[in-house]
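Residue-level structure breakdown
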Amino acid sequence: MSTTTPTAAGIGALTLRPLDPLKDAVLLHSWVTHPKSAFWMMQDAKLVDVERAYMEIAADEHHHAHLGLHDGVPAFLMERYDPAHRELTGLYEPEPGDVGMHFLVAPTDRPLHGFTRAVITAVMAELFADPATARVVVEPDVGNKAVHALNAAVGFVPEREIQKPEKKALLSFCTREQFEKAVSA
């Protein structure tokens, strides 16, 4: 299944397809081990580690990964998860309709102005396309100031810092209404 999301003028088409943990592993490995992807916390991962991590996600009913394409070319990764069962279990009180999200834009030597914002907007539109999604939950590293700014641009409101096993994170939420208001402004 592929979803096309309208994007900002000049960006091009952004689509999503289910990630294939084996076929996409070499590409993903090059992304997650790149120095620009330090907050993904897989800098030292071997190819087999990436394959294993995404095979576990593929087998998990509460976690899904999608490869994002820009005009048909792989350009980003989106993960959707159920925060009542993954990532945030026991760290906050989930509400019905909560959906967790991670995204990673592929490192590039030729950045396209506005591309990362277009990606997070497309990811959020995809999540809210599901009528069961009431609120998107994220937990980026407290030090990832760039993603905090992107999250704010699409309507996320920080709630508090939380301590996860691997990092200190900024727990933030975005309702459908907050997203629609942010992207229509």
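Details of the structure are given in the entry above.
Residues numbered from 1 in each chain as written. Predicted model: local features only at pLDDT ≥ 70, side-chain atom pairs only at ≥ 80, totals over all residues. Heavy atoms only, no water.

On to helix 3 (residues 115-128). In this model helix 3 runs 20 Å from its N-terminal to its C-terminal C-alpha over 14 residues, within 8% of the 20 Å that 1.5 Å per residue would give. Most of helix 3 is tucked away, with 10 of its 14 residues classed as buried. When we look at burial in helix 3, the residues that qualify are Phe115, Ala118, Val119, Ile120, Ala122, Val123, Met124, Glu126, Leu127 and Phe128. (Helix = DSSP H or I, 4+ residues; strand = E, 2+ residues; numbered from the N terminus. Expected span 1.5 Å × (residues − 1). Buried < 20%, exposed > 50% of the residue type's maximum accessible area, 1.4 Å probe, protein only.)

The subject of this paragraph is the nonpolar core. Counting 27 residues, the largest nonpolar core has Met101, Phe103 and Met124 as the members making the most contacts within it. Among the secondary structure elements, those contributing two or more residues to this core are strand 2 (14-18), strand 4 (73-81), strand 5 (98-105), helix 3, strand 6 (135-138) and helix 4 (145-153). A per-element tally of this core places helix 3 first, with nine residues. With residues up to four places along the chain from it excluded, the contact list for Met124 reads Met101, Val136, Val154, Phe156, Cys174 and Phe179. Counting 15 residues, the second-largest nonpolar core is a separate cluster that includes Leu19, Met42, Ile57 and Leu77. (Core = buried A, V, L, I, M, F, W, Y, C linked by side-chain atoms within 4.5 Å. Contact = heavy atoms within 4.5 Å.)

Phi angles above zero are rare outside glycine, and Asp71 is one such case at about 50 degrees. By the element assignment, Asp71 lies in the loop between strand 3 (63-70) and strand 4. Not every positive phi belongs to a glycine, and Glu87 is a case in point at roughly 65 degrees. By the element assignment, Glu87 lies in the loop between strand 4 and strand 5.

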